[in-house]
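A closer look at the structure
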Amino acid sequence: MGLISTYAMNMLGYMIVALPLYVLVRIILLKRRKKRVNKLREFLLATFILYCIGLASQTIIPKWSIGVDSLTGELYFDIMVANELASVNVTPFQTMLLYLHSNSNTDNWGSLSIMNLLGNMFMFSPIGLFIPILWRKFASLWKIAWVGLGVTFFIEGVQFFIGRSSDIDDIILNAIGVMFGYFVFKVMKKIVRR
C-alpha cells in the first residue's frame, strides 16, 4: 500500500497546484457563455480534469526535482528525461505473465507485481466513469472502448519518446480499467433510474 499512497500523494500535489488555475479559467469561460451553471456537472468536470492532471503527472510528465545544492548552495532544477532502465515490450501478456509468475512463487498477494497490475487497471477506471457522465455522446461501450484505447496508446507513445518504459500490457490493463469504469457508470445509471 505504500507504493499506492506515494503515487496518490504525487498526483495530489499536481492537482492542488492546478486547482486555482482551473477554477480561474473555468470562471472566465462560464462568464463568457452567460448560461445557467449546473453545479453538479461543474463539480464532476473539475474532478475529472484534476484527475487527468494527476494521471498525466504520473505517466507523461517527466520526473523533476528542485532544491539547493549542498556543496555550492545554488538553487537547481533537474528534469529526468531518459531512464536507463526504460524498455519497450510489444509482446501481449508478457509482462502480466511475468508478474503473475513471480507472485505464484510467493504467498504475498500484496507484492509489487499485483499492485502494478491492479494499479494499471484502476488508475484508468475514472476515464470510463466520468466521460459518459460528462459527455452523453460517449455513453456507449464501443465509444468508451475507443476513447480508452486512444488515451492509453497516447500515453504509452509519449512515454516511449520521453525515455520511459512502454508496454503493450499497460495498454491492455489500462483499457480494461477504462471498461471497468464504464461498467460502474452503467450500474450507477441503473440505480439512479430506480
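Scoring rules and cut-offs
- Residues numbered from 1 in each chain as written.
- Predicted model: local features only at pLDDT ≥ 70, side-chain atom pairs only at ≥ 80, totals over all residues.
- Heavy atoms only, no water.
- Helix = DSSP H or I, 4+ residues; strand = E, 2+ residues; numbered from the N terminus.
- Expected span 1.5 Å × (residues − 1).
- Buried < 20%, exposed > 50% of the residue type's maximum accessible area, 1.4 Å probe, protein only.
- Axes fitted to C-alpha atoms, helices over the stretch in contact; angles between N-to-C directions.
- Parallel < 35°, antiparallel > 145°, perpendicular 65-115°, else oblique.
- Left-handed = near helix turned anticlockwise from the far one by under 90°.
- Contact = heavy atoms within 4.5 Å.
- Nonpolar A, V, L, I, M, F, W, Y, C, P; charged D, E, K, R; others polar.
- pLDDT = per-residue confidence, 0-100.
- Core = buried A, V, L, I, M, F, W, Y, C linked by side-chain atoms within 4.5 Å.
- Phe/Tyr/Trp six-rings, centres within 6.5 Å; stacked < 30°, edge-to-face > 60°.
- Patch = residues over 30% accessible without salt bridge, like charges linked within 9 Å, V, L, I, M, F, W, Y side chains within 5 Å.
- Areas by Shrake-Rupley, 256 points an atom, 1.4 Å probe, with all protein chains shown as cover.
- Salt bridge = Lys/Arg side-chain N within 4 Å of Asp/Glu carboxyl O.
- Lys, Arg positive; Asp, Glu negative; His and termini not counted.
- Charge placed at Lys NZ, Arg CZ, Asp CG, Glu CD.

Across its 26 residues, helix H7 (residues 168-193) extends 38 Å between first and last C-alpha, which sits within 8% of the 38 Å expected from 1.5 Å per residue. Every buried residue of H7 is accounted for by Asp169, Asp170, Ile171, Leu173, Asn174, Ala175, Gly177, Val178, Met179, Gly181, Tyr182 and Phe185.

Before going further, it helps to spend a moment on the packing of helix H5 (residues 125-134) against H7. Interaxial distance between H5 and H7 falls to 5 Å at its minimum, and their mutual angle equals 45°. Between H5 and H7, the crossing angle belongs to the class labelled oblique. Here the hand of the crossing between H5 and H7 comes out right-handed. Here Ser125, Ile127, Gly128, Leu129, Pro132 and Ile133 of H5 come into contact with H7, specifically with Gly177, Val178, Phe180, Gly181, Tyr182, Val184, Phe185 and Met188. Its residues assigned to classes, the contact of H5 with H7 shows ten nonpolar, four polar and no charged.

Residues of the chain with pLDDT of at least 70 account for 88%, and the chain-wide mean is 87. For the chain, strand E2 (residues 75-80) is the element with the lowest average pLDDT, namely 72, and H5 is the one with the highest, namely 97.

Another point: the nonpolar core. Phe48, Leu55, Phe124, Ile127, Ile131, Leu134 and Ile144 are the most contacted members of the largest nonpolar core, which totals 21 residues. Listing elements by their share of this core, those giving two or more residues are helix H2 (39-59), H5, helix H6 (141-161) and H7. Among the elements that take part in this core, H2 stands out by supplying six residues, more than any other. By size, the runner-up hydrophobic cluster in this structure holds five residues, among which are Met96, Ile114, Leu117 and Leu173.

The next subject is the packing of aromatic side chains. Per the counting criterion, the structure on display carries seven aromatic pairs. Look at Phe48 and Phe130: their rings are 5.7 Å apart centre to centre, the planes differ by 35°, and that puts the pair in the tilted class. With Phe48 in helix H2 and Phe130 in helix H5, this residue pair connects regions lying 82 residues apart in the sequence. Like Phe130, Phe48 is buried. Geometrically, the ring pair formed by Phe48 and Trp135 is edge-to-face, given 6.0 Å between the ring centres and 70° between the ring planes. Placement of Phe48 in helix H2 and of Trp135 in the loop between H5 and H6 is noted, with a sequence separation of 87 residues between them. We classify Phe48 as buried; its relative accessible area is 6%. Through a chain of ring-to-ring contacts, three or more aromatic side chains come together here, namely Phe48, Tyr51, Phe130 and Trp135.

Residues Leu21, Leu24, Val25, Ile28 and Leu29 make up a contiguous nonpolar surface patch of about 450 Å² in total accessible area. Its place among the elements puts Val25 in helix H1 (residues 2-33).

Another aspect to go through is a positive patch on the surface. Together, Lys186, Lys190, Arg193 and Arg194 make up a region of like positive charge exposed at the surface. Within the secondary structure, Lys190 is located in helix H7. A relative accessible area of 54% means that Lys190 is categorised as exposed.

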